[in-house]
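Spelled out from the first residue to the last, the chains are:
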Amino acid sequence: AWRTAYDALSLPVDASITKHRREWRAALGLPPLVPTGPGVHGRLRVVGPQLHDDRGPVRWKQVTGFRSFEYFASGQDVDAYLDWIIGVGGNGIRFFLNWRQVELEYLRIADADSKLHAYAQHLSAKGLRGECVAICDRLVPDEVTFLNRIADIAQHHDNLTMECWNEPYDGNAIIDPNS
């Protein structure tokens with residue numbers, strides 16, 4: 001049966017079972033695994049030196065996925081990465097909305113606001129939180145309006161937090177981040 005599965009997937013015999021878990025399960029006629037994170041139990045808030053949700057203290061264990069929103073918005077499958085985050089004990093993902101190095105510009109994504117809502121819902125269904133970094137580079141002409149726009153979206157999702165600027169001290173903010 002294993003040789004048949006390798007043949008069905010056109011994978012070399014030494015291919016990693018873990019790396020191709022989804023393909024293996026399909027080739028063997030098994031239902032897909034649907035990993036779920038620890039769950040989202042209300043909005044995060046600060047209580048003393050800790051983060052809390054509706055159940056109490058939360059240990060923030062997020063993984064970097066800078067381009068994950070971009071991939072999701074373009075229709076690419078991000079579930080393998082999200083499942084991996086869950087598998088290593090993560091409970092969230094940090095992602096960018098703008099990033100000059102890879103030509104990611106939120107304002108150029110068709111129906112970006114709806115896609116950000118959908119991404120937050122997708123993360124929540126997986127039991128994950130999202131930390132959305134609104135501005136990474138100076139790609140947004142009116143930062144205040146843009147930040148308010150993203151904050152309005154984040155307010156609709158208990159699992160979504162917003163970071164205004166990535167490294168504002170490094171010249172990534174046009175307005176004074178201390179104001």
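Coordinates for the structure precede this section.
**Brief notes about helix H6 (residues 143-154)**
Argument step 1. Helix length check: H6 (twelve residues) gives 16 Å between terminal C-alpha atoms against 16 Å at 1.5 Å per residue, within 8%.
Argument step 2. Of the positions making up H6, those classed as buried are Glu-143, Phe-146, Leu-147, Ile-150, Ile-153 and Ala-154. Buried residues of H6, seen end-on, are gathered within an arc of 120° and therefore sit on one face of the element.
Argument step 3. For H6, the elements touching its buried residues are strand E6 (98-99), helix H5 (112-125), strand E8 (129-135) and strand E9 (160-165).

**Considerations on the nonpolar core**
Argument step 1. Ranked by internal contacts, the top residues of the largest apolar core, which has 34 residues, are Phe-69, Phe-95, Leu-97, Tyr-106 and Ile-150.
Argument step 2. When residues of this core are traced back to their parent elements, those giving at least two are helix H3 (68-73), helix H4 (79-87), strand E5 (92-96), H5, E8, H6 and E9.

**Digging into the pairing of E5**
Argument step 1. In terms of residue burial, E5 counts as a mostly covered element, since five of its five residues are buried.
Argument step 2. Of the two faces of E5, both are covered, the one formed by Gly-92, Arg-94 and Phe-96 as well as the one formed by Ile-93 and Phe-95.
Argument step 3. Here three bridges tie strand E4 (residues 62-64) to E5, and the two strands are oriented parallel to one another. Note that in E5 the partner of Val-63 across the bridge is Ile-93.
Argument step 4. For E5 and E8, the ladder comprises five bridges, and the chain directions are parallel. When the sheet's bridge partners are listed, Phe-95 is paired in E8 with Cys-132.

**What about unusual backbone geometry?**
Backbone geometry follows two general trends: most residues other than glycine have a negative phi, and most peptide bonds adopt the trans configuration.
Argument step 1. At Glu-103, a residue that is not glycine, the phi angle is positive and equals roughly 60°.
Argument step 2. Mapped onto the secondary structure, Glu-103 falls in the loop between E6 and strand E7 (104-105).
Argument step 3. A relative accessible area of 70% places Glu-103 in the exposed class.

What counts, and at which threshold
Residues numbered from 1 in each chain as written. Predicted model: local features only at pLDDT ≥ 70, side-chain atom pairs only at ≥ 80, totals over all residues. Heavy atoms only, no water. Helix = DSSP H or I, 4+ residues; strand = E, 2+ residues; numbered from the N terminus. Expected span 1.5 Å × (residues − 1). Buried < 20%, exposed > 50% of the residue type's maximum accessible area, 1.4 Å probe, protein only. Arc of directions from axis to C-beta. Contact = heavy atoms within 4.5 Å. Core = buried A, V, L, I, M, F, W, Y, C linked by side-chain atoms within 4.5 Å. Pairing = 2+ DSSP bridges.

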